[in-house]
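# A structural walkthrough
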Amino acid sequence: MLGDVVSATSGAGFGIETYPLCDYVMQSVFLKMTGALEQKMKCISWEMATNDYEYRYLRYYKKPLGECSSYQEKKEIYKDLVEQISKFKNEPFDPLSIDRPNILNESSKKVKNSFMGSNLMVWAQKGFHEYQEIWSAVSERYFVHDKNNLFTNRSNLSGIGSAEKSLDEIYTDHLYRHRNRVAHNTFSYQQNLPTLNTLVSGGYIYDNYFVYFSILILIDNIFVKLFDEYLRSIENF
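The structure presented is a predicted model; accordingly, all values stated were derived computationally and were not measured. (Residues numbered from 1 in each chain as written. Predicted model: local features only at pLDDT ≥ 70, side-chain atom pairs only at ≥ 80, totals over all residues. Heavy atoms only, no water.)

### Topic: the pairing of strand 1 (residues 143-146)
- Both strand 1 and strand 2 (residues 149-151) contribute to a ladder of 2 bridges, which runs antiparallel. Note on strand 2: the bridge partner recorded for Asp146 is Asn149.
- Hairpin connection, strand 1 to strand 2: the antiparallel pair is bridged by 2 residues. (Pairing = 2+ DSSP bridges. Helix = DSSP H or I, 4+ residues; strand = E, 2+ residues; numbered from the N terminus.)

### Observations concerning the packing of helix 8 (residues 167-183) against helix 10 (residues 209-235)
- Contact geometry of helix 8 with helix 10 gives a least axis separation of 11 Å together with a crossing angle of 115°. In the crossing of helix 8 with helix 10, the sense of the turn from one axis to the other is left-handed. Taken together, the residues of helix 10 that come into contact with helix 8 (itself represented by Leu167, Ile170, Tyr171, His174, Leu175 and His178) are Tyr209, Val211, Tyr212, Ile215, Leu216, Leu218 and Ile219.
- Partitioned by chemical class, the residues of the contact of helix 8 with helix 10 number 11 nonpolar, 2 polar and no charged. (Axes fitted to C-alpha atoms, helices over the stretch in contact; angles between N-to-C directions. Left-handed = near helix turned anticlockwise from the far one by under 90°. Contact = heavy atoms within 4.5 Å. Nonpolar A, V, L, I, M, F, W, Y, C, P; charged D, E, K, R; others polar.)

### Observations concerning the side chain of Ser166
- Of note, Ser166 is situated in the loop between strand 2 and helix 8.
- Looking at Ser166, the relative accessible area reads 0%, which means it is buried.
- Side chain to side chain, Ser166 and Asp168 meet in a polar contact 2.4 Å long.
- Each residue touching Ser166, except ones within four places of it in the same chain, is listed here: Thr152, Arg154, Leu157 and Ile160. (Buried < 20%, exposed > 50% of the residue type's maximum accessible area, 1.4 Å probe, protein only. Polar contact = N/O pair within 3.5 Å; in protein donor to acceptor, adjacent residues only side chain to side chain.)

### A few points about the nonpolar core
- If you look at the biggest cluster of nonpolar residues, it comprises 65 residues, and the most contacted ones within it are Phe143, Leu167, Phe213 and Ile215.
- A total of 15 residues in this core trace back to one element, the largest contributor, which is helix 10.
- Non-local contacts of Ile215, meaning those with residues more than four positions away in its chain, are made with Trp135, Phe151, Leu167, Ile170, Tyr171 and Leu175. (Core = buried A, V, L, I, M, F, W, Y, C linked by side-chain atoms within 4.5 Å.)

### Describing unusual backbone geometry
- Notably, Cys68 is not glycine yet its phi reads approximately 60°, a positive angle.
- Relative to the elements of secondary structure, Cys68 occurs in the loop between helix 3 (53-62) and helix 4 (71-89).
- Overall, the relative accessible area of 2% leaves Cys68 in the buried class.
- Positioned with a positive phi, Val144 is a non-glycine residue whose angle comes to about 50°.
- Along the chain, Val144 falls in strand 1.

### Description of the pattern of salt bridges
- Counting across every chain of the model gives 14 salt bridges.
- Note that Asp173 is salt-bridged to Lys165, the shortest N-O span being 3.7 Å.
- Several salt bridges share partner residues, and in doing so they unite Arg59, Glu76, Lys79 and Asp80 into one network. (Salt bridge = Lys/Arg side-chain N within 4 Å of Asp/Glu carboxyl O.)

### Brief notes about helix 8
- Approximately 30° is the largest bend angle found in helix 8, and it occurs at Leu175.
- Taken residue by residue, helix 8 has Leu167, Asp168, Ile170, Tyr171, His174, Leu175, His178, Arg179, Arg181 and Val182 as its buried positions.
- Next to the buried residues of helix 8 lie helix 2 (21-51), helix 4, helix 7 (125-136), strand 1, strand 2 and helix 10. (Bend = angle between axes of the 7 residues up to and from the residue.)

### Things to note about the packing of aromatic side chains
- All chains considered together, the criterion is met by 16 aromatic pairs.
- Measuring from ring centre to ring centre gives 5.3 Å for Phe30 and Tyr212, while their planes differ by 40°; the resulting arrangement is tilted. Of the two residues, Phe30 sits in helix 2 while Tyr212 sits in helix 10, which places them 182 residues apart along the sequence.
- For Phe30, a relative accessible area of 0% translates into the label buried.
- Consider the rings of Tyr131 and Phe210, whose centres lie 6.1 Å apart with planes at 40°: the pair is tilted. Within this pair, whereas Tyr131 is found in helix 7, its partner Phe210 is found in helix 10, the two being separated by 79 residues in sequence. In this pair, the class of Tyr131 matches that of Phe210, namely buried.
- Grouping aromatic residues by their ring pairs yields a cluster made of Phe30, Phe115, Phe128, Tyr131, Trp135, Tyr209, Phe210, Tyr212 and Phe213. (Phe/Tyr/Trp six-rings, centres within 6.5 Å; stacked < 30°, edge-to-face > 60°.)

By themselves, these observations are geometric and do not establish any function.
In structure tokens, the structure reads:
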């Protein structure tokens, strides 16, 4: 999907007259990525419900999910998937056994290789540099903390600075909030520009499309690895 948007904008050039395209294009690919991940979450949940009727009753009658757009709902599906793997393996499954360093490396490469030297990187050069600085601090300890937490809580991240944010905080406070604003077009009646107080706050740097893309790809890669493990557990059941 990132490759498509880079290819689609490659003929626009780098002139100053093309800069207004940046936010419009970024919003478009952002909505496509969030929507695709939401659908993938629903498909994973439906697949588990197909193979386990008790889970179907729980997740589709007693405790149904919503749009699967929030971090909390994604975490619920993560917990469900880990539990289902353990159930079919007939032994506890430790999600830390997946190759977290490789997942992080592949997620980082996807964003950097897609945008490096592209029009979008030039249009949002400051944001891209800030993204590189933010993402360089992210390591495998930031995600898949245990069977209950897709992202590691701040309280379990030793050495994190007061101005830094954990991935669940970035997702909830920035990515998810922006997703709702764009999806429901609240820009049409809200102030489109941040206040000066917002600009000088440390958290404003996390309002960054490149950070959003990285987190979405990271979540996707985590679930791909876990779902592969789930399929293997069913085959051996």
